[in-house]
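Coordinate analysis (summary)
In case you want the letters, here they are:
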Amino acid sequence: VKPMTPRCTVPKAVPVGKSASLHCHENEGFPKSTYSWYRNSEPLSPDTKSSAKPHNSSYTLNPTTGTLVFHAVHKGDTGRYSCIATNDAGFAKCEEQEMEV
């Protein structure tokens, strides 16, 4: 079963240095969806260590739960975030939401 449009929660504004949690979830898809996050249409790597471009952001992305956690946000984390839920039957994307740091 193709995933439904996921529900995304993105904080509107986060003070520099604070942590921020972004959530993405849908429960119609079967098999269970995996989640990927995008900032300004650029995919966020699930593993910050293997990121191709140097990025001093520290975040944890859990593709199984759809949770993206920034441990200490900085100005560079400001942007439009969206999430895509994917399974064998297809994918669905939530609306982009702005997060300001």
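Here, residues in each chain are numbered from 1, in the same order as that chain's written sequence. With the structure being a predicted model, the display of local features is reserved for residues of pLDDT at least 70 and the display and counting of side-chain atom pairs for 80 or more, all residues being used for whole-chain, interface and lining totals. Side-chain measures were taken over the full set of non-hydrogen atoms in the model, leaving aside hydrogen atoms and water.

Before going further, it helps to examine the pattern of salt bridges. The term salt bridge refers to a pairing of a side-chain nitrogen on Lys or Arg with a carboxyl oxygen on Asp or Glu at a separation within 4 Å. Enumeration according to the criterion identifies two salt bridges in this entry. Close ionic contact of Asp77 with Arg39 constitutes a salt bridge, the shortest N to O distance being 3.8 Å. One end of the pair, Asp77, is in the loop between β6 (67–70) and β7 (79–87); the other, Arg39, is in strand β3 (residues 34–39), and 38 residues separate them in sequence. Across the pair, exposure class does not vary: Asp77 and Arg39 are buried alike. Among the ionic pairs, Arg80 bridges to Glu96, the shortest N-O distance being 2.9 Å. One end of the pair, Arg80, is in strand β7; the other, Glu96, is in the loop between β8 (90–93) and β9 (97–99), with 16 residues separating them in the sequence. The cut-offs for exposure are 20% and 50% of the maximum accessible area for each residue type, with area from a 1.4 Å probe on protein chains only; residues under the lower value are buried, those over the upper are exposed, and the others partly exposed. Using a relative accessible area of 30% as the deciding quantity, one classes Glu96 as partly exposed. Put simply, DSSP marks the helices as runs of H or I at least four residues long and the strands as runs of E at least two long, and each gets a number from the N terminus on.

What follows covers unusual backbone geometry. The omega angle of the peptide bond from Phe30 to Pro31 is -5°, so this bond is cis rather than trans. Tracing the backbone shows Pro31 in the loop between β2 (20–25) and β3. Phi is positive for Asn40, close to 50°, though the residue is something other than glycine. In this structure, Asn40 sits in the loop between β3 and β4 (42–43). Since its relative accessible area comes to 34%, Asn40 is described here as partly exposed. You will see that Ser41, though not glycine, has its phi angle at about 70°, which is positive. Residue position: Ser41 is located in the loop between β3 and β4.

Cysteine sulfur atoms are paired as a disulfide whenever they come within 2.5 Å of each other. Summed over the entire model, instances satisfying the criterion amount to two disulfides. Between the sulfur atoms of Cys24 and its disulfide partner Cys83 the distance amounts to 1.9 Å. Between Cys24 and Cys83 the disulfide shows an S-S torsion of about -80°. By sign, it is left-handed. Here Cys24, found in strand β2, pairs with Cys83, found in strand β7; they are 59 residues apart in sequence, far enough to count as distant. Exposure remark for Cys24: the relative accessible area of 1% places this residue in the buried category. Residue class for Cys83 comes out buried when judged on its relative accessible area of 0%. Cysteine pairing for the chain, with bonded cysteines counted in sequence order: 1-4, 2-3.

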